[in-house]
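Read off the chains here:
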Amino acid sequence: MTTRPRTPRTLRTRLHTLRTHLHTLRTYLRRTRTRRLRRVLAALLVLFLTACAALVVAYRMTGIPDPHPETVSQSTVFVDAEGDYLGRRGPVDRQDIPLEQVPRHVQDAVIAAENRSFRTDSGVAPTAILRAAIATVTGGERQGGSTITQQYVKNALLTPEQSLSRKAREALIAVKLDRTRSKDDILEGYLNTVYFGRGAAGVESAARNYFGVGAKDLTVSQGAALAAIVNLPSYYERAGADAKVTGTLERRWVWVLDAMAASGAISDRERTAARFPAFRFYPPGDTDGGRQYLIDAASAEAADRLGITEDQLARGGYKVHTTFDLGLQDDTAELVRDRTPADTKGVRLHTAVVATVPGDGAVRVLYGGADYAHQPFNDAVDGAVEAGTATEPFTYAGIRLGEPLTGLPKEAAPTPMRLNSAYATVAAGGTYAKPYTVTKITRAGRTVHTARPETRTAMGEKETAVVTELMHGSLGPDAPYAPYAPGTAVKPVATGVGAAFLPVTSHAAGAGSGPGARTVWQSVYSPRLALTVALFAERGGKPARVAGLTGEYPPAEHAALQAGEVWRLAGSPGTEGPAAEARAGAESEAEAGAKDGGEAGTGSKGTGEGSGDGSGSGSGENTSSGEGTSEADVTRTDPPVGGQGGGVVPWEGAR
């Protein structure tokens with residue numbers, strides 16, 4: 001079958017028809033344009049209203065959640081008598097403080113670094129939400145840039161997951177939070193929860209970890225540095241220890257300060273005067289092992305004072321002000337560590353040191369061990385040390401003890417704290433003061449407990465004077481209190497090198513002597529401080545002899561050296577009261593003895609025959625019973641303790 005070719009007329013007809021249809025369509029569209037536009041606008045309006053309605057419903061249905069348990073949980077901080085940081089207890093390093101305790105320049109620094117429109121915005125940053133949405137859809141890098149309100153919601157109320165739904169909920173809660181709470185409330189919550197690195201959550205902990213001060217004491221420079229750290233805390237936490245990190249942070253610190261100056265938060269003069277601050281070294285050294293003994297004692301006492309458990313105390317965000325002298329405590333720990341030889345054949349030497357304030361009971365030093373991780377047991381508080389002759393001064397005729405010292409003379413193994421409280425009672429003229437470690441407890445800036453000394457009369461004044469005179473060996477038949485213990489004397493101090501370091505009122509004691517020495521006690525006191533040092537040893541958990549474990553010096557002199565050096569580190573406190581009178585008499589007697597000995601003999605050592613006057617024939621070794629110790633008795637050249645001209649001076653190598 002043959003196909004007939006199309007003629008030009010047929011093509012023209014079809015083209016004409018097509019043009020006619022197009023014209024008709026254009027005419028139709030032109031005539032219905034307005035109607036169609038209205039329909040599109042109506043559809044968009046419906047969609048918009050639906051979205052608005054959904055947003056309103058979502059807003060009303062979205063509640064402000066409670067903070068995470070870990071956000072509410074705080075740590076309890078312990079400080080020494082001067083307010084210096086001692087340590088903390090608790091699951092997180094965080095403490096809530098009211099906004100008024102955060103300087104305004106610190107608040108402004110954080111606002112300049114994180115959200116400059118904070119005071120005026122609605123709690124959200126639409127551009128940040130849009131950036132996050134685009135990044136999530138396209139798989140790009142995760143975006144931040146949230147407002148302070150949004151950051152607070154994310155940190156304290158929501159999880160940190162990166163998703164559109166979480167971001168949308170964050171925005172809704174932020175808006176609601178901004179409408180229902182003041183800006184100051186939001187800023188306070190943010191500053192108490194934001195992470196600063198170094199394990200510190202919240203500005204109070206951050207100030208302590210980076211600068212060793214409380215938030216209220218932060219300077220403009222320090223506040224700007226903390227504000228700069230918030231952006232990338234895990235990186236900036238090594239500021240001060242890593243030169244590269246420190247340099248990067250300093251540039252951001254400059255940027256924060258410039259923003260503060262531009263906004264009027266600080267003056268041009270303050271900006272010019274600002275200097276990049278010094279940071280505490282990070283990570284910190286292993287210096288708080290021994291301090292845990294102090295925290296243990298203070299924690300137990302604080303919990304008891306508040307009527308709560310120690311776990312509740314640790315999580316409660318308290319600040320416990322203690323009685324400890326941290327400088328003296330650390331010096332004592334260093335002294336003991338340097339003086340204690342290594343374990344010998346499995347035998348370990350223990351040293352306990354207690355220092356308290358007579359008549360008050362405040363514990364200044366509490367050295368109970370060298371390594372809390374290996375020995376959490378506190379030798380100073382809980383260690384039962386064989387008394388030997390340590391309680392001897394309280395056993396003489398006529399000396400009556402009141403509670404709680406009544407049973408002390410019969411105790412075979414008192415604790416160092418127990419014996420110290422007895423000698424502190426003597427130093428206070430008979431007033432017993434219960435030892436305590438906590439002076440005040442605060443929470444969120446409010447004082448919740450204040451300690452008061454618990455005292456009672458446990459000895460008469462005459463009886464304490466008798467004990468003091470016994471310490472000096474000056475109680476003869478003509479002494480005012482001779483009827484109490486006629487013709488008696490107590491060994492005052494260790495003879496030899498140890499005597500050079502001790503004040504007049506001291507008592508050397510122990511169980512066993514020479515190669516059989518099992519324990520050594522050295523008690524020293526004045527009206528201002530009572531100090532007790534105890535040495536004992538153990539092998540495999542069983543008592544052992546201390547003889548042979550104290551290195552260069554015999555145990556008694558070793559203890560005397562330690563007690564004397566701690567006393568010197570404490571500033572040789574107190575020369576008034578009965579001790580002063582005894583000291584004056586002993587010094588006069590020693591001077592007279594030295595003079596007589598110099599005239600009578602040509603040797604370098606006197607031979608006090610127990611006469612108590614320190615005189616000697618000058619022909620041989622000292623055989624004094626300890627009742628009259630002259631300057632010559634304590635002179636030694638290895639190590640040297642004699643100054644020029646034979647004067648006795650503390651051995652600096654003791655530290």
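Residues numbered from 1 in each chain as written. Predicted model: local features only at pLDDT ≥ 70, side-chain atom pairs only at ≥ 80, totals over all residues. Heavy atoms only, no water.

Explain a positive patch on the surface to me, using residue names and the numbers behind them.
Residues Arg26, Arg30, Arg31, Arg33, Arg35, Arg36, Arg38 and Arg39 make up a contiguous surface patch of positive charge. With respect to the helices and strands, the residue Arg26 is situated in helix α1 (residues 8-61). (Patch = residues over 30% accessible without salt bridge, like charges linked within 9 Å, V, L, I, M, F, W, Y side chains within 5 Å. Areas by Shrake-Rupley, 256 points an atom, 1.4 Å probe, with all protein chains shown as cover. Salt bridge = Lys/Arg side-chain N within 4 Å of Asp/Glu carboxyl O. Lys, Arg positive; Asp, Glu negative; His and termini not counted. Charge placed at Lys NZ, Arg CZ, Asp CG, Glu CD. Helix = DSSP H or I, 4+ residues; strand = E, 2+ residues; numbered from the N terminus.)

With reference to specific residues and values, describe the packing of aromatic side chains.
In this structure the tally under the stated criterion is 9 aromatic pairs. Their ring planes at 45° and their centres at 6.4 Å tell us that Tyr210 and Phe211 sit as a pair that is tilted. For the pair formed by Tyr210 and Phe211, the shared burial category is buried. Aromatic pair Tyr210 and Phe279: ring centres 6.2 Å apart, planes at 75°, arrangement edge-to-face. Of this pair, Tyr210 sits in helix α8 (residues 203-211) while Phe279 is found in the loop between α12 (268-273) and α13 (291-306), placing the two residues 69 residues apart along the sequence. For the pair formed by Tyr210 and Phe279, the shared burial category is buried. Within the aromatic cluster, the residues linked to one another by ring pairs are Tyr210, Phe211, Trp253, Phe276 and Phe279. (Phe/Tyr/Trp six-rings, centres within 6.5 Å; stacked < 30°, edge-to-face > 60°. Buried < 20%, exposed > 50% of the residue type's maximum accessible area, 1.4 Å probe, protein only.)

Please provide a residue-by-residue account of the pattern of salt bridges, values included.
One pass over the full model with this rule turns up 17 salt bridges. Between Asp96 and Arg94 there is a salt bridge, with its nearest N and O atoms 2.3 Å apart. Across the salt bridge formed by Asp178 and Lys183, the nearest N and O atoms sit 2.6 Å from each other. Among the residues examined, Asp178 registers a relative accessible area of 18% and is labelled buried. Salt bridges here are not isolated pairs; linked through shared partners, they connect Arg88, Asp93 and Arg208.

I'd like to hear about the packing of helix α9 (residues 220-229) against helix α11 (residues 243-263), residue by residue, with values.
Contact geometry of α9 with α11 gives a least axis separation of 9 Å together with a crossing angle of 110°. Considering the angle they form, α9 stands roughly perpendicular to α11. Every pair of crossing elements has a handedness; the one defined by α9 and α11 is right-handed. Residues Val220, Ser221, Ala224, Ala225, Ala227, Ala228 and Ile229 of α9 touch α11, and the partners they reach there are Leu249, Arg252, Trp253, Val256 and Leu257. Residue composition of the contact of α9 with α11, grouped by class: 10 nonpolar, 1 polar and 1 charged. (Axes fitted to C-alpha atoms, helices over the stretch in contact; angles between N-to-C directions. Parallel < 35°, antiparallel > 145°, perpendicular 65-115°, else oblique. Left-handed = near helix turned anticlockwise from the far one by under 90°. Contact = heavy atoms within 4.5 Å. Nonpolar A, V, L, I, M, F, W, Y, C, P; charged D, E, K, R; others polar.)

Give me the lowdown on the sheet that holds strand β1 (residues 76-79), citing residues and values where you can.
Judged by pairing direction, the sheet is mixed, and its 5 strands sit side by side in the order β2-β1-β3-β7-β8 without closing on themselves. Two strands bound the open sheet, and with one partner strand each, they are β2 (85-89) and β8 (446-450). Strand-to-strand twist across the sheet, computed as the mean angle between neighbouring axes with direction ignored, equals 20°. Of the pairings in the sheet, the one linking strand β7 (residues 438-443) to β8 comprises 4 bridges and is antiparallel in character. Bridge pairing links Lys440 to Thr450 in β8. (Pairing = 2+ DSSP bridges.)

Mind laying out helix α3 (residues 104-114), listing which residues take part and the relevant values?
Of all 11 residues in α3, 9 are buried; the element is thus mostly enclosed. Buried residues of α3: Val106, Gln107, Asp108, Ala109, Val110, Ile111, Ala112, Ala113 and Glu114, and no others. Tucked inside the fold, the buried residues of α3 contact α5 (148-157), α7 (183-193), α8, α9 and α11.

An account of α5 is requested, with residue identities and associated values reported.
For α5, the buried fraction is high: 8 of the 10 residues fall into the buried class. Three or more residues of α5 are buried, namely Ile148, Thr149, Gln150, Gln151, Tyr152, Val153, Ala156 and Leu157.

Explain the side chain of Ser221 to me, using residue names and the numbers behind them.
Checked against the element boundaries, Ser221 lands in helix α9. You can call Ser221 buried: its relative accessible area is 10%. A polar contact is formed between the side chain of Ser221 and the backbone oxygen of Arg275, at a distance of 3.0 Å. Excluding residues that lie within four positions of it along the chain, Ser221 makes contacts with Trp253, Ala274, Arg275 and Pro277. (Polar contact = N/O pair within 3.5 Å; in protein donor to acceptor, adjacent residues only side chain to side chain.)

Pulling in residues and values, what's your account of the nonpolar core?
Counting 54 residues, the largest nonpolar core has Val203 and Leu226 as the members making the most contacts within it. Those elements that provide at least two residues to this core are α3, α5, α6 (164-180), α7, α8, α9 and α11. In this structure Val203 touches Ile97, Val102, Val106, Leu191, Phe196, Ala215, Leu218 and Leu226, once residues within four positions along its chain are discounted. Of all hydrophobic cores here, the second largest spans 47 residues; its members include Leu313, Val385, Ala390 and Leu470. (Core = buried A, V, L, I, M, F, W, Y, C linked by side-chain atoms within 4.5 Å.)

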